[in-house]
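Examination of the molecular architecture
Chain by chain, the residues run as shown.
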Amino acid sequence: MAARRYRIALYPGDGIGTDVTAEAARVLAGVSRRHGFFVDTTAVPWGCLWAREHGGHPVPADFLEHLRPFDAIFLGALGMPAMLPDHVTLAPLIRMRQEFRQYVCLRPAVLMPGTESPLADRKPGDVDMVIVRENSEGEYTGAGGCTHAGSPEEISVQVAVHTRRGVERILRYGFELARRRRQCLTMATKSNALNHSMVMWDRILDAVRGDYPDVQAGKVHIDALAMLFVRTPEAFDVVVASNLFGDILSDLAGALVGSLGLAPSANINPDRDCPSLFEPVHGSAPDIAGQGVANPIAAIRSAAMMLDFLGETDAAREIERAVADNLRHGSVRTPDLAGTATTVQVGNDILQRLSD
Ligand code: NAD
Ligand code: IPM
Ligand code: MN
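Quick caveat: nothing in here was measured; it's all calculated off a predicted structure.

Details of the overall build of the protein chain
Along the backbone of the protein chain there are twelve helices and twelve strands. The C-alpha atoms of the protein chain give 20 Å as radius of gyration, which agrees with the globular expectation for 356 residues (21 Å, within 12%). With respect to the three principal axes, the spread of C-alpha positions in the protein chain is 55 × 50 × 45 Å. In the protein chain, buried positions account for 53% of the 356 residues. Of all intrachain contacts in the protein chain linking residues separated by at least 6 positions in sequence, the fraction that spans at least 24 positions is 75%.

Topic: the site of ligand 1
In the vicinity of ligand 1 there are 22 residues, among which Leu 78, Asp 86, Gly 283, Ala 285 and Asp 287 approach most closely. At 2.8 Å from an oxygen atom of ligand 1 is found a main-chain nitrogen or oxygen belonging to Leu 78. Here an oxygen atom of ligand 1 and a backbone polar atom of Ala 285 are 2.8 Å apart. In isolation ligand 1 offers 800 Å² of accessible surface; the protein chains occlude 72% of this area. For the shell around ligand 1, the class distribution of residues is twelve nonpolar, six polar and four charged.

Focus: the pairing of strand S2 (residues 37-43)
In regular strands, side chains alternate between the two faces of the sheet. Both strand S1 (residues 4-13) and S2 contribute to a ladder of seven bridges, which runs parallel. For Arg 7, the partnering residue across the bridge sits in S2 and is Asp 40.

Points about the domain arrangement of the protein chain
Interfaces are often sized by the amount of accessible area the parts lose when they come together. Assigned domains of the protein chain: these are domain 1 (1-102 + 262-356) and domain 2 (128-256). Placing the centre of domain 1 and that of domain 2 at their C-alpha centroids yields a distance of 25 Å. Taking both partners together, domain 1 and domain 2 bury about 680 Å²; carbon and sulfur atoms supply 50% of that area. It is Arg 97, Gln 98 and Val 281 in domain 1 that bury the most area against domain 2; as a group they hold 55% of the surface buried on that side. Summed over the shared surface of domain 1 and domain 2, the result is zero salt bridges. Across the contact surface, domain 1 and domain 2 share three residue pairs in polar contact (both at pLDDT 80 or more). The set of elements that each furnish at least two residues to the side of domain 1 that touches domain 2 consists of helix H5 (91-99) and strand S11 (264-268).

A look at the site of ligand 2
Close to ligand 2 lie Leu 90, Arg 97, Arg 107, Arg 133, Tyr 140, Asp 247 and Val 281. Within the side chain of Arg 133, a nitrogen or oxygen atom sits 2.7 Å from an oxygen atom of ligand 2. Residue Tyr 140 places a side-chain N or O atom 2.6 Å away from an oxygen atom belonging to ligand 2. Coverage of ligand 2 by the protein amounts to 77% of the 320 Å² it exposes when considered alone. Taken together, the residues of the shell around ligand 2 break down into three nonpolar, no polar and four charged. The two domains that each donate at least three residues to the shell around ligand 2 are domain 1 (1-102 + 262-356) and domain 2 (128-256).

Some words on the environment of Val 27
Here Val 27 is to be found in helix H1 (residues 16-35). Taking relative accessible area as the criterion, Val 27 reaches 0% and is therefore assigned buried. Taking C-alpha positions, Val 27 is 7.1 Å from Ile 300, a pair spaced 273 residues apart along the chain. Leaving out residues up to four positions away in the same chain, Val 27 has contacts with Ile 300, Ile 319, Ile 350, Leu 351 and Leu 354.

Section: the packing of aromatic side chains
Tallying each qualifying case throughout the model produces six aromatic pairs. Where Tyr 11 meets Trp 46, the ring centres are 5.4 Å apart and the plane angle is 90°; that geometry is what we call edge-to-face. Linking Tyr 11 in strand S1 with Trp 46 in the loop between S2 and helix H2 (48-53), this pair joins segments that are 35 residues apart in sequence. By the burial criterion, Tyr 11 is buried, and Trp 46 matches it. Between Trp 46 and Phe 63, the aromatic rings sit 6.1 Å apart at their centres with planes inclined by 90°, giving edge-to-face as the arrangement. Taken together, the residues span a long stretch of sequence, with Trp 46 in the loop between S2 and H2 and Phe 63 in helix H3 (residues 63-67) at a distance of 17 residues. Judged by its relative accessible area of 4%, Trp 46 falls in the buried class. Sitting over the ring of Tyr 140, Arg 133 keeps its end group 5.2 Å from the ring centre.

Calculation criteria
Residues numbered from 1 in each chain as written. Chains lettered and ligands numbered in written order. Predicted model: local features only at pLDDT ≥ 70, side-chain atom pairs only at ≥ 80, totals over all residues. Heavy atoms only, no water. Helix = DSSP H or I, 4+ residues; strand = E, 2+ residues; numbered from the N terminus. Rg over C-alpha atoms; globule rule 2.2 N^0.38 Å. Buried < 20%, exposed > 50% of the residue type's maximum accessible area, 1.4 Å probe, protein only. Contact = heavy atoms within 4.5 Å. Near = heavy atom within 4 Å. Polar contact = N/O pair within 3.5 Å; in protein donor to acceptor, adjacent residues only side chain to side chain. Areas by Shrake-Rupley, 256 points an atom, 1.4 Å probe, with all protein chains shown as cover. Nonpolar A, V, L, I, M, F, W, Y, C, P; charged D, E, K, R; others polar. Pairing = 2+ DSSP bridges. Domains from an automatic or database assignment. Buried area = accessible area lost by both parts, 1.4 Å probe. Salt bridge = Lys/Arg side-chain N within 4 Å of Asp/Glu carboxyl O. Phe/Tyr/Trp six-rings, centres within 6.5 Å; stacked < 30°, edge-to-face > 60°. Lys NZ or Arg CZ within 6 Å of the ring centre and 35° of its normal.

Written out as structure tokens, the structure is:
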């Protein structure tokens, strides 16, 4: 039988993206050896430094074609606002999500033993949710424009695009996921003010919920939902949200479980006709870049999500177990978790704990 082999585009990007992807790549190499498959990584050098040598473009014009043949893309983080405007640097990420039809973004948030929530009196397991973020439309389509830039007459229009097809498929994905979890789905809405788009989201929820009678489904306005994440995070299981709402909720959820440095994500093309993309929720953290102290766990967990997606579920579970051991043990942790360890020391500790 031919050995299982996966071609992964490794896209470290900027700032701490480089440090955390290096640790995730070491962990991937470690588990793949032990589980008898090969991870062929091909690094791409794109990002802000690359842009400096290439006319201010963070990626080559044909970057999507370069990435298309891969089984998956593993990304660190993009963005160095002091070098290049964020909307230029981040445009390739949004394009990958859209053009590779990665319309589902999964962002799990679990309060783990050994970590501390900033919320008082929360114990492990009190937060255990997955944000299912619509990842291809909404506020992120780039539709709009700006005229008279810089003048008092300046006008900018940013159009949010929501389609019935896009909303229905993300809701159904959320319902299917809820069925395999605690059968509870919450949809973020704002239909009291967004009288076209979010009223349509509400209508589509009502139209599809009947197909999932075993799932308890409800909707909450996004402002109240932000409040309830803090007040009663235990009430949430699967949270389905539009692109921008999901973006904001996922940083909040990361904070609730102890650090954004723990929060993984998967940008999934469920049809598998283009590569999916795995990356931490966090950004390039310019405030700590170059110090070697970024928490690599979000990236390492994202690597586990990638292995799950590729079908290497035993190896994925092994990574999750090793991360859980590291957190429970608590002696090797980065400063965001009140430790003194470096990124590499945390990577070493997790590598050592694989299969323990
Ligand atoms: P950020 O997520 O980079 O950082 C927010 C805060 O969290 C910072 O204080 C940072 O030090 C801390 N933090 C983040 N990840 C950490 C980790 N692994 N370990 C320890 N601490 C961590 O968000 P920001 O400051 O708003 O953005 C910085 C840059 O990253 C910007 O250019 C932004 O556009 C970009 N960004 C990129 C992505 C991405 O590539 N997917 C995501 C978010 C932000
Ligand atoms: C994320 C990031 C991106 C987003 C930015 C950097 C474009 O915040 O992945 O959460 O808004 O989707
Ligand atoms: Mn974000």
